[in-house]
Amino acid sequence: IIIKFEEHGTEFSATYLPEVAREQGWNQQIAVQSLIRKAGYNGSIQEELLRKIQCTRYQSSKHRLTYQEYVAIVGHDPLKPEKKRNRFVFF
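Definitions and limits used
- Just so you know, the residues in each chain are numbered from 1, in the order the chain's sequence is written.
- Reporting of local features is limited, given that this is a predicted model, to residues whose pLDDT is at least 70; pairs of side-chain atoms are given and counted only at 80 or more, and all residues count toward the totals for whole chains, interfaces and linings.
- Computation of side-chain values: all heavy atoms of the structure, hydrogens and water removed.
- As used here, the term nonpolar core means buried Ala, Val, Leu, Ile, Met, Phe, Trp, Tyr and Cys residues forming a set that is joined through side-chain atoms within 4.5 Å.
- The buried label goes to any residue with under 20% of its type's maximum accessible area, the exposed label to any with over 50%, and the partly exposed label to all in between, with areas taken from a 1.4 Å probe on protein chains only.
- What counts as a helix is a DSSP run of H or I of at least four residues, what counts as a strand is a run of E of at least two, and both are numbered from the N terminus.
- Residues count as neighbours in contact if any of their non-hydrogen atoms are within 4.5 Å of one another.
- Like-charged residues are merged into a patch within 9 Å and nonpolar side chains (Val, Leu, Ile, Met, Phe, Trp, Tyr) within 5 Å, provided each residue has over 30% relative accessible area and no salt bridge.
- Exposure was quantified through the Shrake-Rupley algorithm and a 1.4 Å probe, taking into account, for residues, occlusion by the shown protein chains and nothing else.
- One speaks of a salt bridge when a side-chain nitrogen belonging to Lys or Arg is within 4 Å of a carboxyl oxygen belonging to Asp or Glu.
- Per-residue confidence from the prediction method is given by pLDDT, with values spanning 0 to 100.
- Working definition: rings of Phe, Tyr and Trp (its six-membered ring) pair if their centres are within 6.5 Å, and the pair is stacked with planes under 30 degrees apart, edge-to-face with planes over 60 apart, and tilted otherwise.

## A word on the nonpolar core
Ile3, Phe5, Phe12, Ala14, Tyr16, Val20, Leu35, Ile36, Ala39, Tyr41, Leu49 and Ile53 together form the largest nonpolar core, which totals 12 residues. Residue assignment for this core shows that the elements contributing at least two residues are strand 1 (2–7), strand 2 (10–15) and helix 2 (28–38). With near-sequence residues (within four places) excluded, Phe12 lies in contact with Ile3, Lys4, Phe5, Glu7, Ala39, Gly40 and Tyr41.

Okay, structure coming up:
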């Protein structure tokens with residue numbers, strides 16, 4: 001969920017992954033109010049402000065894998081230092 005709005009010449013925007021509201025147990029009203037605050041808006045949240053909000057919904061997906069599966073996919077272990085090759089520079 002992405003919200004965007006302008007108030008007093010200032011543009012505000014904020015986003016939550018789609019599952020955040022569900023995981024927090026928020027209804028639509030609470031989620032939008034939270035996004036408004038996340039955007040940095042500290043004023044009063046009235047109907048006039050809510051009408052100005054442009055909202056975009058999107059989907060996300062979660063996948064689980066072990067660290068070993070991740071290493072196999074990326075082709076190296078990012079936590080282990082890479083072997084340095086000897087490089088000679090000739091002038």
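## A few points about the environment of Leu49
Along the chain, Leu49 falls in helix 3 (residues 47–52). As a C-alpha pair, Leu49 and Ser60 span 11 residues in sequence and 28 Å in three-dimensional space. Beyond its immediate chain neighbours, meaning those up to four positions away, Leu49 contacts Phe5, Glu7, Ile36, Tyr41 and Ser44.

## A closer look at a nonpolar patch on the surface
Taken together, the side chains of Leu65, Tyr67, Tyr70, Ile73, Val74 and Leu79 define a hydrophobic patch exposed on the protein surface, amounting to about 600 Å² of accessible area. Positionally, Tyr67 belongs in helix 4 (residues 67–74).

## Re unusual backbone geometry
Glycine aside, the phi torsion of most residues is negative, and most peptide linkages are trans. Positive phi outside glycine occurs at His8, with the angle close to 55 degrees. Along the chain, the position of His8 falls in the loop between strand 1 and strand 2. His8 sits in the exposed class, given a relative accessible area of 75%.

## Digging into the confidence of the model for the chain
Confidence along the chain averages 91 in pLDDT terms, with 90% of residues attaining 70 or more. Taking the mean pLDDT of every element in the chain, the minimum, 92, falls on helix 1 (residues 18–24) and the maximum, 98, on strand 2.

## Re the packing of aromatic side chains
Using the criterion set out here, one finds five aromatic pairs in the structure. Each ring, one from Tyr16 and one from Trp26, has its centre 5.6 Å from the other, and the planes form 50 degrees; the classification is tilted. Taken together, the residues span a long stretch of sequence, with Tyr16 in the loop between strand 2 and helix 1 and Trp26 in the loop between helix 1 and helix 2 at a distance of 10 residues. Relative to Tyr70, the ring of Tyr67 has its centre 6.0 Å away and its plane inclined at 35 degrees; by these criteria the two rings are tilted. Of this pair, Tyr67 and Tyr70 are both found in helix 4, three residues apart, which corresponds to roughly one turn of the helix. Each residue in the set Phe5, Phe12 and Tyr41 is aromatic and connected to the rest through ring pairs, giving one cluster.

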